[in-house]
Amino acid sequence: MLNNRDPEQFRETAYLKQLWLQLRRDTPALVSFYLFLLLLGLVFFGYLLAPYAADQQFVGSELMPPSWADSGQIRHFFGTDDLGRDIFSRILYGFYYTVGSSLIITLAILLLGGIIGVLAGINNKSRSFSVLSHLFDTFLFIPILLIAIIIATLMEASLINAMLAIFLAMLPHFIHKIYQATEQELKREYVITLRLDGASRWTLIKEVIMPNLTVVAVKEGAHIFVIAILDISALSFIALGAQRPTPEWGAMIQDSMELIYTAPWTVILPGMAIIFSISVVTLLGNGITRVLEKYRY
């Protein structure tokens, strides 16, 4: 039976296979990949693993310490907060709100920012794209979190609006990175030769620009993911993001700040969840970047 796949599909399949073989040879990168799969699993299915509902209160069990403490109980593995809610369950639910929101922000920026950045780099002589480029450059001198705070204060405090604020704050930075990388690729000698030979813009984008922007996109994507996790938590912490009783990690820390000395686990454990998530994403970004730099088109 004949196979209808064209040579281009075979080339892409071979590339992915070789990329996976390179990934398997890099133990830290492979471990970070599996940890990221675990992180995604907790985002989509963490609430199913939670022993209790996020807002379920256990009267008489308020401020119970974690199970490893002398007065702790195994049924409340991470202890409870001042309202008697199970912290372990709330942290598991928090993967959906904190990491899930950051994942949506990251994917949206990679998609929209990548398209705008590549088009701006190819049409850099166009007046409209030139004006857009200079407009975005003005955002690069302002800290991302400050821009997000300014945007968030103009809207009603909610997790959705916080996501929108962070998206708008980080989008210009990614567009600028892709724009610069596209310009550099178009200045290479073999690209100039292809253009003189009559190669279309779509051919240049598909065969030259996109493959060579993969490393930049992965590196910047991991950076965006980390910043999004931190900023989602930060905006919720200052009451501009997720509101009570949403089990978002930044909101959980803000709710328990007064208990830092009497019940430190209510603050430390959500903070450890944030640290775990950003560590996994950072390790994955570094590992995939390292593998891509070893094996490229």
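Residues numbered from 1 in each chain as written. Predicted model: local features only at pLDDT ≥ 70, side-chain atom pairs only at ≥ 80, totals over all residues. Heavy atoms only, no water.

Trainee: Honestly, the nonpolar core in this entry has me stumped. Any pointers?
Mentor: When a protein is soluble and globular, its nonpolar side chains tend to lie buried together. Core analysis: the biggest nonpolar cluster contains 36 residues, and Ile105, Ile109, Val118, Ile166, Met170, Ile209 and Leu235 have the highest contact counts within it. Elements with a contribution of two residues or more to this core: helix 3 (87-122), helix 5 (144-153), helix 6 (159-186), helix 8 (201-212) and helix 9 (214-237). Among the elements that take part in this core, helix 6 stands out by supplying 14 residues, more than any other. (Core = buried A, V, L, I, M, F, W, Y, C linked by side-chain atoms within 4.5 Å. Buried < 20%, exposed > 50% of the residue type's maximum accessible area, 1.4 Å probe, protein only. Helix = DSSP H or I, 4+ residues; strand = E, 2+ residues; numbered from the N terminus.)

Trainee: Would you mind showing me how to read unusual backbone geometry here?
Mentor: Cis geometry marks the peptide bond from Arg244 to Pro245; its omega dihedral reads 0°. Topologically, Pro245 is positioned in the loop between helix 9 and helix 10 (249-255). Of note in the backbone geometry, Leu63 takes a positive phi value of approximately 55° without being a glycine. Mapped onto the elements of the fold, Leu63 is located in the loop between helix 2 (27-49) and helix 3. The backbone phi angle of Ala239 is positive, close to 65°, even though this residue is not glycine. Summarising the element assignment, Ala239 is placed in the loop between helix 9 and helix 10. By relative accessible area, Ala239 is classed as partly exposed at 41%.

Trainee: Just checking my understanding: could you explain a nonpolar patch on the surface for this structure?
Mentor: On the surface, a cluster of nonpolar side chains totalling about 560 Å² of accessible area is made up of Phe141, Ile142, Leu146, Ile150 and Leu154. Here Ile142 shows up in the loop between helix 4 (127-139) and helix 5. (Patch = residues over 30% accessible without salt bridge, like charges linked within 9 Å, V, L, I, M, F, W, Y side chains within 5 Å. Areas by Shrake-Rupley, 256 points an atom, 1.4 Å probe, with all protein chains shown as cover. Salt bridge = Lys/Arg side-chain N within 4 Å of Asp/Glu carboxyl O.)

Trainee: What am I meant to see in the pattern of salt bridges here?
Mentor: If you walk through the whole model with that rule in mind, you get four salt bridges. With its nearest N and O atoms 3.3 Å apart, the salt bridge here joins Arg90 to Asp55. Here Asp55 lies in the loop between helix 2 and helix 3 and Arg90 lies in helix 3, a separation of 35 residues in the sequence. The exposure class assigned to Arg90 is buried, which follows from its relative accessible area of 2%. According to the relative accessible area criterion, Asp55 is partly exposed, its value standing at 41%. Note that Arg85 and Asp81 form a salt bridge whose closest N and O atoms lie 2.8 Å from each other. Each member of the pair, Arg85 as well as Asp81, is classed as buried.

Trainee: Is there a simple way to think about the environment of Ala169 in this case?
Mentor: The topology assignment puts Ala169 in helix 6. Ala169 sits in the buried class, given a relative accessible area of 0%. Along the primary structure Ala169 and Leu145 are separated by 24 residues, whereas in three dimensions their C-alpha atoms are 7.6 Å apart. Leave out the neighbours within four places in its chain, and Ala169 touches Ile144, Ile147, Ala148 and Ile151. (Contact = heavy atoms within 4.5 Å.)

Trainee: When you look at the side chain of Ser277 in this model, what are you seeing that I'm missing?
Mentor: Relative to the assigned elements, Ser277 resides in helix 11 (residues 265-294). Overall, the relative accessible area of 0% leaves Ser277 in the buried class.

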